Amino acid sequence: MPIKGLVKYVIRRGLVLYLTMLAAIYITILVANMGGKVDEIIIADLRMRVWDEVNRNPAYRALSGAERERLVNEIVRQEIERLGLDKPFLYRSLIYLRDAALLELGRAQFMTSDSGSRLVKNIILERLPATVLLFTTVMVINFFLHLFLGLYLSRRYGSLLDKIFVSLAPTSVLPGWFYGIILILIFYTWLHVLPAGGIVDTPPPRDPLLYALSVLKHMILPMASWIISGLFLGVYGNRTFFLIFSTEDHVEAAKAKGLPPRLIEWRYILRPALPPIITGFALGLIGSWGGAIITERVFNWPGLGSVAYSAIMYNDTPVILGFTVIYAYLLMATVLILDIIYGIIDPRIKVQFG
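Quick caveat, the model's predicted, so the values are computed rather than measured.

A.B. asks: So what exactly am I meant to see when it comes to the overall build of the protein chain here?
C.D. replies: Tallying secondary structure elements over the protein chain gives 14 helices and zero strands in all. Reading the protein chain from its N terminus to its C terminus gives the helix and strand order α-α-α-α-α-α-α-α-α-α-α-α-α-α. The C-alpha radius of gyration computed for the protein chain amounts to 27 Å, which surpasses the reference 20 Å derived for 354 residues by more than 25%, pointing to a less compact arrangement than a globule. For the protein chain, the spread of C-alpha atoms along the principal axes amounts to about 100 × 60 × 40 Å. Of the contacts made within the protein chain by residues no fewer than 6 positions apart, 71% connect residues no fewer than 24 positions apart. With an accessible surface of roughly 20,000 Å², the protein chain has 68% of that area assigned to carbon and sulfur atoms.

Pasting the structure below:
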């Protein structure tokens with residue numbers, strides 16, 4: 001692979017992706033702030049809070065109504081200047097964009113992290129490991145399960161097992177959290193063998209090994225719900241890919257030449273089918289890091305989905321923006337890495353590096 005061509009391609013592609021990401025973030029800034037309407041809500045809330053504090057402060061009880069109003073107006077004006085709300089929204093939106101590009105995510109308006117910090121970065125980073133642990137594990141298991149079962153079924157097209165998977169593929173339209181509720185009813189409510197939610201037992205075991213086993217035990221039901229949800233459609237999709245590639249002319253030519261079936265399968269069926277499969281895996285992985293909001297709520301899993309749910313409920317704009325920025329960076333990096341991988345595994349794209 002020509003290194004010079006690869007470097008040029010990565011720089012050009014990275015620049016395009018970065019500009020696209022900035023545009024997406026700026027649109028999110030405009031939408032999350034409702035074009036500046038959120039500022040009016042914040043100022044109105046601020047004025048009410050200041051009025052309440054002044055009225056409840058014994059030191060201001062001797063003031064007349066007009067004096068209290070002047071005092072409130074002065075405090076509100078100072079707070080507006082401190083928060084930067086006295087500047088036009090268009091100007092501030094560009095400041096927000098600059099901060100987002102530098103990953104300076106600011107402070108949350110209402111939410112705090114588990115350790116009590118109001119920094120958006122801490123709120124997100126403290127919950128990210130739980131989401132990555134759960135959903136990355138699920139996505140990796142699903143990837144290999146769908147890949148090898150799909151390949152197995154493509155070799156046995158029309159068999160009973162193949163017909164069962166094809167028939168059950170529509171069941172994958174049901175979301176993972178739906179199966180999660182059923183699994184909770186069976187294994188927690190009825191059989192009492194697995195926990196209904198949370199990430200670890202209460203109180204948490206002090207021994208590291210017992211702690212890890214406790215986390216693993218709490219992961220079983222949410223993982224099973226996602227594996228069941230995606231199993232039949234995922235296997236059916238991969239099996240279809242392999243069947244399509246196995247009927248190509250070059251595969252028939254390879255068979256006519258007498259090449260070993262395993263070599264044909266790897267070189268002429270599996271390898272050309274990998275780019276779309278890897279794309280689905282990588283984008284699904286990034287999407288899962290966003291946190292499946294309902295799944296995390298069902299299993300009381302302390303991940304990013306729970307953070308996103310709370311941010312939306314509280315209308316905490318900095319957290320929503322921070323969530324979007326982190327997600328956009330992860331997505332940009334994934335797409336860039338995918339482009340490079342395509343060039344390695346797919347000769348049709350590899351020529352672009354030359």
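A.B. asks: For this particular structure, what's the right way to read the packing of helix α9 (residues 249-256) against helix α10 (residues 261-289)?
C.D. replies: For any two helices packed against each other, the geometry comes down to the angle between their axes and how far apart the axes lie. Contact geometry of α9 with α10 gives a least axis separation of 10 Å together with a crossing angle of 165°. By the angle between their directions, the pair α9 and α10 is classed as roughly antiparallel. Both α9 and α10 take part in a crossing whose hand is right-handed. Mapping the contact onto sequence places H250, V251, A254 and K255 in α9 and I264, Y268 and I269 in α10. Of the residues belonging to the contact of α9 with α10, the class tally is five nonpolar, one polar and one charged.

A.B. asks: Looking at this structure, how should I read the packing of aromatic side chains?
C.D. replies: Working definition: an aromatic ring pair is given by the centre-to-centre distance plus the angle between the planes. Taken as a whole, this structure holds six aromatic pairs when the rule is applied. Geometrically, the ring pair formed by F165 and F232 is tilted, given 5.2 Å between the ring centres and 55° between the ring planes. Here the residue F165 occupies a position in helix α6 (residues 160-168), and F232 occupies one in helix α8 (residues 208-246), the gap between them amounting to 67 residues. On the basis of relative accessibility, which here comes to 17%, the residue F232 falls in the buried class. Aromatic ring contacts, followed pair by pair, group F143, F144, F148 and F281 into a single cluster.

A.B. asks: Hey, could you run me through the pattern of salt bridges in this one?
C.D. replies: Proximity of charged atoms lets side chains of opposite charge pair with each other. For the coordinates displayed, the defined rule picks out eight salt bridges. In this structure, R98 engages D99 in a salt bridge whose closest nitrogen and oxygen atoms are separated by 3.0 Å. Judged by relative accessible area, which is 45%, R98 ranks as partly exposed. One salt bridge connects D162 with R239, and the closest N-O pair in it is separated by 2.8 Å. Highlighted residues: D162 in helix α6 and R239 in helix α8, separated in sequence by 77 residues. Here the salt bridges do not stand alone but share partners, grouping E74, R77 and E81 into one network.

A.B. asks: Looking at this structure, I do not really get the layout of surface pockets. What am I missing?
C.D. replies: Space inside the largest pocket adds up to approximately 1,100 Å³. Around the largest pocket sit 36 residues that line it, and L83, R107, A108, Q109 and P318 are the ones nearest its centre. Only α2 (37-56), α3 (65-83), α4 (89-101) and α13 (317-345) provide two or more residues apiece to the lining of the largest pocket. In terms of residue count, α2 provides more of the lining of the largest pocket than any other element does, seven residues in total. M139, H146, I277, G280 and F281 are, among the 14 residues lining the second largest pocket, the residues nearest its centre. Every element with two or more residues in the lining of the second largest pocket is listed here: α5 (120-155), α8 and α10. With six residues, α10 is the largest single contributor of residues to the lining of the second largest pocket. A per-class count over the lining of the second largest pocket returns seven nonpolar, seven polar and no charged.

A.B. asks: Just checking my understanding: could you explain a nonpolar patch on the surface for this structure?
C.D. replies: A surface patch of nonpolar side chains, amounting to about 910 Å² of accessible area, comprises V173, L174, F178, I181, I182, L185, I186, W190, L191 and V193. Within the secondary structure, L191 is located in the loop between α7 (176-190) and α8.

A.B. asks: Which parts of the structure should I look at to understand unusual backbone geometry?
C.D. replies: Most of the time, phi is negative for any residue but glycine, and the peptide bond is trans. Note that the residue after T202, namely P203, is joined by a cis bond; omega there is -5°. Looking at the element boundaries, P203 is found in the loop between α7 and α8. Unusually for a residue other than glycine, L103 sits at a positive phi of about 60°. Its place among the elements puts L103 in the loop between α4 and α5. A residue is classified by how much of its surface remains accessible, and L103, at 40% relative accessible area, is partly exposed.

A.B. asks: Please clarify how the side chain of R127 should be interpreted in this entry.
C.D. replies: Within the secondary structure, R127 is located in helix α5. With residues up to four places along the chain from it excluded, the contact list for R127 reads D114, P302, G303, L304, S306 and V307.

A.B. asks: Just checking my understanding: could you explain α7 for this structure?
C.D. replies: For an α-helix the count is 3.6 residues per turn, leaving residues at separations of three or four pointing the same way. Look at α7: 20 Å from first C-alpha to last across 15 residues, which is about the 21 Å you get at 1.5 Å a residue. Taking the largest bend as the criterion, α7 deviates by roughly 30°, centred on I184. Three or more residues of α7 are buried, namely G176, Y179, G180, L183 and I184. Each element contacted by the buried residues of α7 is listed here: α8 and α11 (293-298). H192, located one to two residues past α7, shows a positive phi value of around 55°.

A.B. asks: I tried to follow the environment of I27 on my own but got confused; where do I start?
C.D. replies: Locating I27 in the fold gives a position in helix α1 (residues 3-32). The class for I27 is exposed, based on a relative accessible area of 53%. Along the primary structure I27 and S93 are separated by 66 residues, whereas in three dimensions their C-alpha atoms are 9.9 Å apart.

Reading the values: rules and limits
Residues numbered from 1 in each chain as written. Predicted model: local features only at pLDDT ≥ 70, side-chain atom pairs only at ≥ 80, totals over all residues. Heavy atoms only, no water. Helix = DSSP H or I, 4+ residues; strand = E, 2+ residues; numbered from the N terminus. Rg over C-alpha atoms; globule rule 2.2 N^0.38 Å. Contact = heavy atoms within 4.5 Å. Areas by Shrake-Rupley, 256 points an atom, 1.4 Å probe, with all protein chains shown as cover. Axes fitted to C-alpha atoms, helices over the stretch in contact; angles between N-to-C directions. Parallel < 35°, antiparallel > 145°, perpendicular 65-115°, else oblique. Left-handed = near helix turned anticlockwise from the far one by under 90°. Nonpolar A, V, L, I, M, F, W, Y, C, P; charged D, E, K, R; others polar. Phe/Tyr/Trp six-rings, centres within 6.5 Å; stacked < 30°, edge-to-face > 60°. Buried < 20%, exposed > 50% of the residue type's maximum accessible area, 1.4 Å probe, protein only. Salt bridge = Lys/Arg side-chain N within 4 Å of Asp/Glu carboxyl O. 1 Å grid on protein atoms, 1.4 Å probe; cavity = no way out; pocket = protein on both sides within 12 Å on 5 of 7 lines; lining within 4 Å. Points joined across faces, edges and corners; volume = space filled by probe spheres on them. Patch = residues over 30% accessible without salt bridge, like charges linked within 9 Å, V, L, I, M, F, W, Y side chains within 5 Å. Expected span 1.5 Å × (residues − 1). Bend = angle between axes of the 7 residues up to and from the residue.

Geometric values such as these leave the question of function open.
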